[in-house]
Amino acid sequence: MFGIVRPCTHRLSEGLRIEWMAHLCGLCLALRADHGQFARIVTNYDGLIVSVLTEAQAGALPAGRRTAGPCPLRAMRTAPVAMGEGARLAAAVSLVLASAKVRDHVADRDGLLARRPVAAAARRVAAGWDRAGARTGAALGFDTALLVDAVDRQTGIETLAGPGTPLLTVTEPTETATAAAFAHTAVLAGKPQNAAPLAEAGRLFGRLAHLLDAVEDREADAASGAWNPLTVTGTSLTEARRLCDDALHGVRLALREVEFTDGQLVHVLLAHELRRSVDRAFGTSSCSHQGLQVPDGSFGPPPGNPYGPTPGNPYGPTPGNPYGPTPGGPAAPPPPRPPRDRRGLIAGCLVWAGLACTCQMCCGSYEDPWSRERREAPCQDCGDCCEACDCCGQCGEGCCCCGDSCGCDC
(Lines give C-alpha, C1' and ligand atoms only; values in the text may rest on other atoms or scores of the structure.)
Protein backbone atom coordinates (compact mmCIF):
# COMPACT_ATOMS: atom_id res chain seq x y z
CA MET A 1 0.00 0.00 0.00
CA PHE A 2 1.35 3.40 -0.96
CA GLY A 3 -0.04 6.91 -1.05
CA ILE A 4 0.22 10.13 0.90
CA VAL A 5 -3.36 10.32 2.24
CA ARG A 6 -3.42 7.62 4.90
CA PRO A 7 -6.12 8.55 7.42
CA CYS A 8 -6.15 6.91 10.82
CA THR A 9 -9.58 5.28 10.95
CA HIS A 10 -9.96 6.48 14.55
CA ARG A 11 -10.16 10.07 13.28
CA LEU A 12 -13.04 9.25 10.93
CA SER A 13 -16.62 9.05 12.11
CA GLU A 14 -18.26 5.66 11.76
CA GLY A 15 -20.10 6.72 8.63
CA LEU A 16 -17.04 8.21 6.94
CA ARG A 17 -14.91 5.24 7.93
CA ILE A 18 -17.35 2.87 6.23
CA GLU A 19 -17.41 5.09 3.14
CA TRP A 20 -13.61 5.27 2.99
CA MET A 21 -13.26 1.50 3.31
CA ALA A 22 -15.97 1.02 0.67
CA HIS A 23 -13.91 3.00 -1.84
CA LEU A 24 -10.64 1.30 -0.85
CA CYS A 25 -12.14 -2.18 -1.22
CA GLY A 26 -13.98 -1.08 -4.38
CA LEU A 27 -10.69 -0.08 -5.99
CA CYS A 28 -9.11 -3.40 -5.04
CA LEU A 29 -12.03 -5.43 -6.42
CA ALA A 30 -12.23 -3.33 -9.60
CA LEU A 31 -8.57 -4.15 -10.25
CA ARG A 32 -9.28 -7.83 -9.77
CA ALA A 33 -12.39 -7.81 -11.95
CA ASP A 34 -10.81 -5.99 -14.90
CA HIS A 35 -7.17 -7.05 -14.68
CA GLY A 36 -6.82 -10.20 -12.57
CA GLN A 37 -5.65 -11.04 -9.07
CA PHE A 38 -2.06 -9.85 -9.52
CA ALA A 39 -3.21 -6.31 -10.37
CA ARG A 40 -4.58 -5.91 -6.84
CA ILE A 41 -1.07 -5.19 -5.56
CA VAL A 42 -1.30 -1.68 -7.06
CA THR A 43 -4.18 -0.77 -4.70
CA ASN A 44 -3.19 2.51 -3.06
CA TYR A 45 -4.63 5.12 -0.77
CA ASP A 46 -4.40 8.00 -3.24
CA GLY A 47 -6.08 6.16 -6.12
CA LEU A 48 -9.31 5.79 -4.19
CA ILE A 49 -9.65 9.60 -4.09
CA VAL A 50 -10.66 9.41 -7.75
CA SER A 51 -13.52 7.10 -6.79
CA VAL A 52 -14.46 9.34 -3.86
CA LEU A 53 -14.57 12.44 -6.07
CA THR A 54 -16.78 10.74 -8.65
CA GLU A 55 -19.33 9.64 -6.07
CA ALA A 56 -19.21 12.93 -4.18
CA GLN A 57 -20.34 14.75 -7.33
CA ALA A 58 -22.87 12.22 -8.61
CA GLY A 59 -24.24 11.24 -5.21
CA ALA A 60 -24.30 7.81 -3.58
CA LEU A 61 -26.83 5.48 -5.15
CA PRO A 62 -27.88 1.98 -4.04
CA ALA A 63 -26.69 0.70 -7.41
CA GLY A 64 -23.23 2.06 -6.60
CA ARG A 65 -22.74 -0.39 -3.73
CA ARG A 66 -22.59 -4.13 -3.44
CA THR A 67 -21.81 -6.45 -0.57
CA ALA A 68 -18.43 -8.11 -0.96
CA GLY A 69 -17.64 -11.47 0.54
CA PRO A 70 -15.30 -12.14 3.47
CA CYS A 71 -11.72 -10.95 3.02
CA PRO A 72 -8.67 -11.51 5.26
CA LEU A 73 -7.91 -7.78 5.12
CA ARG A 74 -11.35 -7.12 6.64
CA ALA A 75 -10.98 -9.81 9.32
CA MET A 76 -13.04 -12.19 7.15
CA ARG A 77 -16.09 -9.96 7.30
CA THR A 78 -18.40 -8.87 4.50
CA ALA A 79 -18.65 -5.16 3.72
CA PRO A 80 -20.33 -2.75 1.30
CA VAL A 81 -17.93 -1.73 -1.45
CA ALA A 82 -18.07 0.96 -4.13
CA MET A 83 -18.55 -0.11 -7.72
CA GLY A 84 -19.08 1.58 -11.03
CA GLU A 85 -17.18 4.01 -13.23
CA GLY A 86 -15.47 5.85 -10.39
CA ALA A 87 -13.87 2.69 -9.05
CA ARG A 88 -12.84 1.59 -12.55
CA LEU A 89 -11.24 4.97 -13.30
CA ALA A 90 -9.39 4.75 -10.00
CA ALA A 91 -8.16 1.31 -11.05
CA ALA A 92 -6.92 2.57 -14.43
CA VAL A 93 -5.10 5.52 -12.86
CA SER A 94 -3.58 3.29 -10.16
CA LEU A 95 -2.20 0.89 -12.77
CA VAL A 96 -0.50 3.62 -14.76
CA LEU A 97 0.90 5.38 -11.69
CA ALA A 98 2.13 2.09 -10.24
CA SER A 99 3.81 1.38 -13.57
CA ALA A 100 5.55 4.74 -13.31
CA LYS A 101 6.68 3.95 -9.78
CA VAL A 102 8.15 0.62 -10.91
CA ARG A 103 10.03 2.23 -13.79
CA ASP A 104 11.34 4.89 -11.43
CA HIS A 105 12.73 2.21 -9.11
CA VAL A 106 14.26 0.42 -12.08
CA ALA A 107 15.94 3.64 -13.21
CA ASP A 108 17.29 4.18 -9.69
CA ARG A 109 18.46 0.54 -9.53
CA ASP A 110 16.83 0.06 -6.14
CA GLY A 111 17.45 -3.23 -4.34
CA LEU A 112 16.90 -6.31 -6.48
CA LEU A 113 16.04 -4.08 -9.45
CA ALA A 114 19.76 -3.41 -9.82
CA ARG A 115 20.00 -6.90 -11.34
CA ARG A 116 19.29 -6.97 -15.05
CA PRO A 117 16.98 -10.02 -15.14
CA VAL A 118 14.82 -8.61 -12.35
CA ALA A 119 14.78 -5.17 -13.93
CA ALA A 120 13.74 -6.64 -17.29
CA ALA A 121 10.88 -8.56 -15.65
CA ALA A 122 9.78 -5.41 -13.81
CA ARG A 123 9.72 -3.45 -17.07
CA ARG A 124 7.50 -6.10 -18.68
CA VAL A 125 5.10 -5.96 -15.73
CA ALA A 126 5.02 -2.16 -15.92
CA ALA A 127 4.31 -2.25 -19.66
CA GLY A 128 1.47 -4.69 -19.04
CA TRP A 129 -0.04 -2.37 -16.46
CA ASP A 130 0.17 0.52 -18.94
CA ARG A 131 -1.79 -1.48 -21.52
CA ALA A 132 -4.34 -2.65 -18.96
CA GLY A 133 -4.89 0.89 -17.69
CA ALA A 134 -5.29 2.13 -21.26
CA ARG A 135 -8.00 -0.46 -21.97
CA THR A 136 -10.04 0.49 -18.92
CA GLY A 137 -9.47 4.19 -19.49
CA ALA A 138 -10.66 3.95 -23.10
CA ALA A 139 -13.85 2.23 -21.95
CA LEU A 140 -14.48 5.22 -19.66
CA GLY A 141 -13.57 7.87 -22.22
CA PHE A 142 -10.27 8.67 -20.47
CA ASP A 143 -7.06 8.76 -22.45
CA THR A 144 -4.34 7.32 -20.23
CA ALA A 145 -1.79 8.41 -22.83
CA LEU A 146 -1.80 11.71 -20.91
CA LEU A 147 -0.50 9.87 -17.89
CA VAL A 148 2.02 7.79 -19.82
CA ASP A 149 3.32 10.88 -21.63
CA ALA A 150 3.74 12.65 -18.30
CA VAL A 151 5.70 9.70 -16.93
CA ASP A 152 7.95 9.62 -20.01
CA ARG A 153 8.63 13.36 -19.78
CA GLN A 154 9.54 12.97 -16.13
CA THR A 155 12.63 10.96 -17.02
CA GLY A 156 13.88 13.60 -19.45
CA ILE A 157 13.27 16.44 -17.01
CA GLU A 158 15.14 14.65 -14.25
CA THR A 159 18.09 14.05 -16.59
CA LEU A 160 18.38 17.77 -17.39
CA ALA A 161 17.71 19.05 -13.86
CA GLY A 162 20.53 20.43 -11.76
CA PRO A 163 21.35 23.06 -9.15
CA GLY A 164 19.14 26.08 -9.69
CA THR A 165 16.44 24.23 -11.64
CA PRO A 166 13.02 25.36 -10.32
CA LEU A 167 11.54 22.55 -8.26
CA LEU A 168 8.13 23.04 -9.88
CA THR A 169 9.69 22.20 -13.23
CA VAL A 170 10.45 18.75 -11.88
CA THR A 171 6.96 18.25 -10.40
CA GLU A 172 5.12 19.40 -13.56
CA PRO A 173 4.59 15.94 -15.14
CA THR A 174 3.04 14.57 -11.95
CA GLU A 175 0.84 17.64 -11.69
CA THR A 176 -0.37 17.19 -15.27
CA ALA A 177 -1.22 13.52 -14.72
CA THR A 178 -3.22 14.01 -11.53
CA ALA A 179 -5.00 17.06 -12.96
CA ALA A 180 -6.27 14.96 -15.87
CA ALA A 181 -7.50 12.19 -13.55
CA PHE A 182 -9.30 14.58 -11.17
CA ALA A 183 -10.92 16.49 -14.04
CA HIS A 184 -12.31 13.33 -15.65
CA THR A 185 -14.31 12.53 -12.52
CA ALA A 186 -16.49 15.52 -13.42
CA VAL A 187 -17.18 13.95 -16.82
CA LEU A 188 -18.13 10.61 -15.26
CA ALA A 189 -20.39 12.35 -12.73
CA GLY A 190 -22.15 14.37 -15.44
CA LYS A 191 -20.96 17.73 -14.06
CA PRO A 192 -18.59 19.19 -16.67
CA GLN A 193 -18.63 22.57 -14.89
CA ASN A 194 -16.52 20.97 -12.17
CA ALA A 195 -13.73 19.95 -14.52
CA ALA A 196 -11.68 23.17 -14.27
CA PRO A 197 -11.58 23.50 -10.45
CA LEU A 198 -10.97 19.77 -10.08
CA ALA A 199 -8.11 19.97 -12.56
CA GLU A 200 -6.57 22.70 -10.40
CA ALA A 201 -7.07 20.64 -7.23
CA GLY A 202 -5.55 17.63 -8.97
CA ARG A 203 -2.57 19.62 -10.21
CA LEU A 204 -1.76 20.79 -6.69
CA PHE A 205 -2.40 17.33 -5.26
CA GLY A 206 0.14 15.93 -7.72
CA ARG A 207 2.63 18.58 -6.64
CA LEU A 208 2.14 17.56 -3.01
CA ALA A 209 2.50 13.87 -3.82
CA HIS A 210 5.80 14.49 -5.61
CA LEU A 211 7.20 16.82 -2.96
CA LEU A 212 6.23 14.66 0.01
CA ASP A 213 7.72 11.58 -1.63
CA ALA A 214 10.95 13.53 -2.12
CA VAL A 215 10.99 14.75 1.48
CA GLU A 216 10.34 11.30 2.94
CA ASP A 217 13.03 9.67 0.75
CA ARG A 218 15.61 12.44 1.07
CA GLU A 219 17.88 10.80 3.64
CA ALA A 220 17.59 7.30 2.15
CA ASP A 221 18.30 8.64 -1.34
CA ALA A 222 21.36 10.50 -0.06
CA ALA A 223 22.69 7.34 1.57
CA SER A 224 22.16 5.22 -1.55
CA GLY A 225 23.08 7.87 -4.09
CA ALA A 226 19.62 7.77 -5.69
CA TRP A 227 18.16 10.75 -7.57
CA ASN A 228 16.15 13.12 -5.37
CA PRO A 229 14.65 16.39 -6.65
CA LEU A 230 15.42 18.33 -3.46
CA THR A 231 19.07 17.32 -3.45
CA VAL A 232 19.63 17.75 -7.18
CA THR A 233 17.98 21.19 -7.42
CA GLY A 234 19.46 22.37 -4.12
CA THR A 235 16.04 23.08 -2.61
CA SER A 236 15.93 23.44 1.16
CA LEU A 237 13.32 21.79 3.36
CA THR A 238 12.06 25.25 4.31
CA GLU A 239 11.31 26.07 0.67
CA ALA A 240 9.76 22.65 0.11
CA ARG A 241 7.49 23.20 3.12
CA ARG A 242 6.46 26.60 1.77
CA LEU A 243 5.50 25.05 -1.57
CA CYS A 244 3.53 22.34 0.22
CA ASP A 245 1.64 24.87 2.34
CA ASP A 246 0.80 26.92 -0.75
CA ALA A 247 -0.46 23.79 -2.50
CA LEU A 248 -2.62 22.86 0.51
CA HIS A 249 -4.23 26.29 0.47
CA GLY A 250 -4.76 26.06 -3.29
CA VAL A 251 -6.48 22.66 -3.01
CA ARG A 252 -8.97 24.06 -0.50
CA LEU A 253 -9.69 27.10 -2.65
CA ALA A 254 -10.23 24.94 -5.73
CA LEU A 255 -12.60 22.59 -3.91
CA ARG A 256 -14.78 25.56 -2.92
CA GLU A 257 -15.62 25.98 -6.60
CA VAL A 258 -16.75 22.37 -7.05
CA GLU A 259 -20.44 21.44 -6.84
CA PHE A 260 -20.67 18.35 -4.65
CA THR A 261 -23.77 16.36 -3.85
CA ASP A 262 -22.06 15.14 -0.68
CA GLY A 263 -18.53 16.41 -0.16
CA GLN A 264 -17.95 15.38 3.46
CA LEU A 265 -15.43 12.61 2.78
CA VAL A 266 -13.69 14.72 0.12
CA HIS A 267 -13.27 17.54 2.61
CA VAL A 268 -11.88 15.28 5.32
CA LEU A 269 -9.39 13.64 2.93
CA LEU A 270 -8.24 16.65 0.92
CA ALA A 271 -8.43 19.37 3.60
CA HIS A 272 -7.68 17.67 6.91
CA GLU A 273 -5.84 14.44 6.10
CA LEU A 274 -3.76 16.06 3.38
CA ARG A 275 -2.55 18.59 5.94
CA ARG A 276 -1.63 15.74 8.29
CA SER A 277 0.31 14.08 5.48
CA VAL A 278 2.42 17.21 5.10
CA ASP A 279 3.01 17.44 8.85
CA ARG A 280 3.95 13.77 8.97
CA ALA A 281 6.46 14.09 6.13
CA PHE A 282 8.15 17.10 7.72
CA GLY A 283 8.06 15.61 11.21
CA THR A 284 5.87 18.34 12.70
CA SER A 285 3.07 16.18 14.03
CA SER A 286 2.70 13.55 16.70
CA CYS A 287 0.36 10.63 17.13
CA SER A 288 -1.02 9.08 20.27
CA HIS A 289 0.36 5.72 19.15
CA GLN A 290 3.48 6.90 20.99
CA GLY A 291 1.94 7.29 24.40
CA LEU A 292 -1.07 8.24 26.47
CA GLN A 293 -2.63 11.57 25.61
CA VAL A 294 -3.61 13.56 28.66
CA PRO A 295 -6.39 16.20 28.70
CA ASP A 296 -4.10 19.11 27.82
CA GLY A 297 -3.14 17.38 24.56
CA SER A 298 0.40 16.42 25.59
CA PHE A 299 1.67 12.90 26.01
CA GLY A 300 2.72 11.49 29.33
CA PRO A 301 1.48 9.77 32.49
CA PRO A 302 -2.09 10.39 33.71
CA PRO A 303 -2.51 13.56 35.77
CA GLY A 304 -2.40 13.31 39.54
CA ASN A 305 -0.36 11.14 41.88
CA PRO A 306 -0.49 7.53 40.67
CA TYR A 307 0.52 6.41 44.14
CA GLY A 308 -1.99 8.54 46.04
CA PRO A 309 -4.96 7.21 48.00
CA THR A 310 -7.93 5.71 46.24
CA PRO A 311 -10.60 8.35 45.54
CA GLY A 312 -13.28 8.34 48.19
CA ASN A 313 -12.97 6.73 51.64
CA PRO A 314 -10.15 4.18 51.49
CA TYR A 315 -11.44 2.66 54.73
CA GLY A 316 -15.05 2.33 53.66
CA PRO A 317 -16.84 -0.96 52.98
CA THR A 318 -15.91 -3.00 49.96
CA PRO A 319 -18.23 -2.21 47.05
CA GLY A 320 -20.88 -4.84 46.49
CA ASN A 321 -22.09 -7.52 48.89
CA PRO A 322 -19.20 -8.56 51.18
CA TYR A 323 -21.16 -11.64 52.18
CA GLY A 324 -21.79 -12.82 48.63
CA PRO A 325 -20.27 -15.96 47.16
CA THR A 326 -16.53 -16.02 46.77
CA PRO A 327 -15.43 -15.93 43.11
CA GLY A 328 -14.59 -19.44 42.08
CA GLY A 329 -16.42 -20.93 45.11
CA PRO A 330 -19.20 -23.50 45.03
CA ALA A 331 -21.93 -20.87 44.74
CA ALA A 332 -20.16 -18.82 42.07
CA PRO A 333 -21.70 -18.73 38.62
CA PRO A 334 -19.98 -20.91 36.04
CA PRO A 335 -17.38 -19.17 33.86
CA PRO A 336 -18.59 -18.03 30.44
CA ARG A 337 -18.21 -20.54 27.68
CA PRO A 338 -15.63 -19.76 25.04
CA PRO A 339 -17.01 -18.79 21.65
CA ARG A 340 -17.89 -21.75 19.50
CA ASP A 341 -16.78 -20.15 16.26
CA ARG A 342 -13.10 -19.83 17.04
CA ARG A 343 -10.80 -19.87 14.03
CA GLY A 344 -8.10 -22.43 13.60
CA LEU A 345 -4.42 -21.63 13.90
CA ILE A 346 -3.75 -21.13 10.18
CA ALA A 347 -6.94 -19.15 9.48
CA GLY A 348 -6.30 -16.96 12.51
CA CYS A 349 -2.75 -16.27 11.39
CA LEU A 350 -3.98 -15.19 7.96
CA VAL A 351 -6.53 -12.83 9.50
CA TRP A 352 -3.87 -11.47 11.88
CA ALA A 353 -1.61 -10.70 8.93
CA GLY A 354 -4.43 -8.85 7.19
CA LEU A 355 -5.26 -6.80 10.29
CA ALA A 356 -1.62 -5.92 10.84
CA CYS A 357 -1.05 -4.89 7.22
CA THR A 358 -4.09 -2.59 7.20
CA CYS A 359 -3.30 -1.07 10.64
CA GLN A 360 -6.66 -2.20 12.04
CA MET A 361 -4.84 -3.63 15.06
CA CYS A 362 -3.35 -0.20 15.69
CA CYS A 363 -6.38 2.07 15.51
CA GLY A 364 -10.01 1.63 16.49
CA SER A 365 -11.57 -1.68 17.39
CA TYR A 366 -11.08 -5.00 15.71
CA GLU A 367 -12.11 -8.64 15.93
CA ASP A 368 -9.63 -11.00 17.55
CA PRO A 369 -8.18 -13.16 14.77
CA TRP A 370 -8.74 -16.38 16.70
CA SER A 371 -11.49 -15.88 19.32
CA ARG A 372 -13.51 -13.33 17.27
CA GLU A 373 -13.98 -11.21 20.39
CA ARG A 374 -14.11 -7.44 19.98
CA ARG A 375 -10.92 -5.78 21.14
CA GLU A 376 -9.79 -2.18 21.42
CA ALA A 377 -6.60 -1.13 19.66
CA PRO A 378 -3.82 0.73 21.50
CA CYS A 379 -4.64 3.97 19.68
CA GLN A 380 -7.82 5.41 21.11
CA ASP A 381 -7.17 9.07 20.36
CA CYS A 382 -5.22 10.20 17.32
CA GLY A 383 -5.78 13.84 18.11
CA ASP A 384 -8.49 16.31 17.28
CA CYS A 385 -9.73 15.92 13.73
CA CYS A 386 -9.50 19.70 13.28
CA GLU A 387 -5.99 19.88 14.72
CA ALA A 388 -3.43 21.67 12.56
CA CYS A 389 -6.12 22.69 10.09
CA ASP A 390 -6.41 26.41 9.42
CA CYS A 391 -9.26 26.16 6.94
CA CYS A 392 -11.75 27.27 9.59
CA GLY A 393 -9.84 30.46 10.19
CA GLN A 394 -9.89 31.16 6.49
CA CYS A 395 -13.63 30.80 6.06
CA GLY A 396 -14.45 32.46 9.37
CA GLU A 397 -16.83 29.77 10.54
CA GLY A 398 -16.79 27.09 13.14
CA CYS A 399 -15.58 23.71 12.06
CA CYS A 400 -15.91 20.20 13.38
CA CYS A 401 -15.55 17.14 11.22
CA CYS A 402 -15.77 14.74 14.14
CA GLY A 403 -19.32 13.87 13.23
CA ASP A 404 -20.94 13.03 9.93
CA SER A 405 -21.15 16.67 8.99
CA CYS A 406 -18.78 19.60 8.79
CA GLY A 407 -19.73 23.11 9.67
CA CYS A 408 -16.94 24.68 7.63
CA ASP A 409 -17.57 24.70 3.91
CA CYS A 410 -13.92 24.88 2.84
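For the structure itself, look to the data block above.
Residues numbered from 1 in each chain as written. Predicted model: local features only at pLDDT ≥ 70, side-chain atom pairs only at ≥ 80, totals over all residues. Heavy atoms only, no water.

Details of the overall build of the protein chain
Phase 1: If you tally the helices and strands in the protein chain, you get 12 helices and 4 strands.
Phase 2: For the protein chain, the proportion of its 410 residues judged to be buried stands at 45%.
Phase 3: Expressed as a percentage of contacts within the protein chain between residues at least 6 apart in sequence, the contacts between residues at least 24 apart total 66%.
Phase 4: By element, 58% of the accessible surface of the protein chain is carried by carbon and sulfur atoms, the whole surface being about 20900 Å². (Helix = DSSP H or I, 4+ residues; strand = E, 2+ residues; numbered from the N terminus. Buried < 20%, exposed > 50% of the residue type's maximum accessible area, 1.4 Å probe, protein only. Contact = heavy atoms within 4.5 Å. Areas by Shrake-Rupley, 256 points an atom, 1.4 Å probe, with all protein chains shown as cover.)

Observations regarding the packing of helix 7 (residues 195-224) against helix 10 (residues 264-281)
Phase 1: Axis separation between helix 7 and helix 10 bottoms out at 9 Å; the angle between their running directions is 25°. Taken together, the axes of helix 7 and helix 10 lie roughly parallel to each other. When you trace helix 7 past helix 10, the crossing you get is left-handed. Only Leu270, Leu274, Ser277, Val278 and Ala281 of helix 10 make contact with helix 7, whose side of the interface consists of Phe205, Leu208, Leu212, Val215 and Glu216.
Phase 2: Taken together, the residues of the contact of helix 7 with helix 10 break down into 8 nonpolar, 1 polar and 1 charged. (Axes fitted to C-alpha atoms, helices over the stretch in contact; angles between N-to-C directions. Parallel < 35°, antiparallel > 145°, perpendicular 65-115°, else oblique. Left-handed = near helix turned anticlockwise from the far one by under 90°. Nonpolar A, V, L, I, M, F, W, Y, C, P; charged D, E, K, R; others polar.)

Brief notes about the packing of aromatic side chains
Phase 1: Within the structure shown, the criterion is met by 3 aromatic pairs.
Phase 2: Ring geometry for tryptophan 20 versus tyrosine 45: centroids 5.8 Å apart, planes at 15°, classification stacked. Within this pair, whereas tryptophan 20 is found in helix 1 (residues 14-35), its partner tyrosine 45 is found in the loop between helix 1 and helix 2 (48-58), the two being separated by 25 residues in sequence. One exposure class covers both tryptophan 20 and tyrosine 45, and it is buried. (Phe/Tyr/Trp six-rings, centres within 6.5 Å; stacked < 30°, edge-to-face > 60°.)

Section: the pairing of strand 2 (residues 77-82)
Phase 1: As paired elements, strand 1 (residues 65-71) and strand 2 share 5 bridges and run antiparallel to each other. Residue arginine 65 lies in a different strand from strand 2, and its bridge partner there is alanine 82.
Phase 2: Taking the residues that link successive antiparallel strands as the turn, the strand 1-strand 2 hairpin has 5 residues, and the phi of alanine 75 there is positive, at about 60°. (Pairing = 2+ DSSP bridges.)

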